[in-house]
Amino acid sequence: MTKRIKNINRTILSDKYFTLSQVKFNYQLKDGHWVNNTWEVLERGNAAAALLYNVEKQTVILVRQFRLPAYMNGVEDGFLLEVPAGMLEDDDTSVEDAMKREILEETGYKISELKKVYSVFATPGGSTERFTCFVGEYSDKMKINEGGGLESLNEDIEVLEIPFVKALEMMANGEIIDAKTIMLLQHAQIRKLIN
């Protein structure tokens, strides 16, 4: 831990689905002087995301779902195209197992193997959330149900199989605007996973 931070005082502002805290602390500038800071931090927990791809068909699996914050910030219908993703739960035995669960719930694919590509902070200026990102190959025989999310969470997810080239075009023309999805599509492109 850094010695440039001391006297951390955390006050919970809201503790509903996520925790919003106000954190007051002393921070030492690079010139040695100490300053007082106050930040609000959204403590979301951690999450995982995965790009499913099929080399033979040259396709990827994406999901379309309503995102209220995106709607509130200018996405006309509120629907975003994304890779399957989800929050880690307390009883998850591993991040990979959590991601496999989310893939099955959202897409209906039972994936046997995922490869971790990185673990990143989504919005480190205001949130503690860290995403672990995976890639994994899928085939038609892995589809064991329709997916679509959990009714108990009112999830209404559309599963889409999209040509990889089209997904890259959609990213370039602004149809895909989700950061984790863009990062994973670019990873696949750079690493030539599908080409």
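### Brief notes about the overall build of the chain
Of regular secondary structure, the chain possesses four helices and ten strands. Each helix and strand of the chain, ordered N terminal to C terminal, gives the series β-β-β-β-β-α-β-β-α-β-β-β-α-α. When the backbone C-alpha atoms are referred to their principal axes, the chain occupies close to 60 × 40 × 40 Å. Across the chain, the centroid of the 23 positively charged side chains sits 10 Å from that of the 30 negatively charged ones.

### Let's talk about a nonpolar patch on the surface
There is a patch of nonpolar side chains on the surface, built from Phe66, Leu68, Tyr71, Met72 and Phe79 and spanning about 530 Å² of accessible area. When residues in the nonpolar patch are grouped by element, the largest group, three residues, is from helix 1 (residues 68–72). Assignment of secondary structure puts Phe79 in strand 6 (residues 79–82). A residue is classified by how much of its surface remains accessible, and Phe79, at 32% relative accessible area, is partly exposed.

### Describing the pattern of salt bridges
Pairing of side chains with opposite charge becomes possible as their charged atoms draw close. Taken as a whole and judged by the stated rule, the model has 13 salt bridges. Residue Glu129 is joined to Arg44 by a salt bridge in which the shortest nitrogen-to-oxygen separation is 3.0 Å. One end of the pair, Glu129, is in the loop between strand 8 (115–121) and strand 9 (130–137); the other, Arg44, is in the loop between strand 3 (34–43) and strand 4 (47–54), with 85 residues separating them in the sequence. Taking the relative accessible area as the measure of exposure, Glu129 reaches 5% and is therefore buried.

### Topic: the packing of aromatic side chains
Under the definition given, this model contains five aromatic pairs. Here the aromatic rings of Phe25 and Trp39 are separated by 5.6 Å at their centres, their planes lie at 85°, and the arrangement is edge-to-face. Remark: Trp39 occurs in strand 3 and Phe25 occurs in strand 2 (residues 19–28); sequence separation between them is 14 residues. With 6.1 Å between their ring centres and 45° between their planes, Phe66 and Tyr71 make a pair best called tilted. Judged by its relative accessible area of 45%, Tyr71 falls in the partly exposed class. Among the aromatic side chains, those forming a connected cluster through ring pairs are Phe66, Tyr71 and Phe79. Sitting over the face of the ring of Trp34, Lys6 holds its NZ or CZ atom 4.2 Å from the ring centroid.

Rules behind the numbers
Residues numbered from 1 in each chain as written. Predicted model: local features only at pLDDT ≥ 70, side-chain atom pairs only at ≥ 80, totals over all residues. Heavy atoms only, no water. Helix = DSSP H or I, 4+ residues; strand = E, 2+ residues; numbered from the N terminus. Lys, Arg positive; Asp, Glu negative; His and termini not counted. Charge placed at Lys NZ, Arg CZ, Asp CG, Glu CD. Patch = residues over 30% accessible without salt bridge, like charges linked within 9 Å, V, L, I, M, F, W, Y side chains within 5 Å. Areas by Shrake-Rupley, 256 points an atom, 1.4 Å probe, with all protein chains shown as cover. Salt bridge = Lys/Arg side-chain N within 4 Å of Asp/Glu carboxyl O. Buried < 20%, exposed > 50% of the residue type's maximum accessible area, 1.4 Å probe, protein only. Phe/Tyr/Trp six-rings, centres within 6.5 Å; stacked < 30°, edge-to-face > 60°. Lys NZ or Arg CZ within 6 Å of the ring centre and 35° of its normal.

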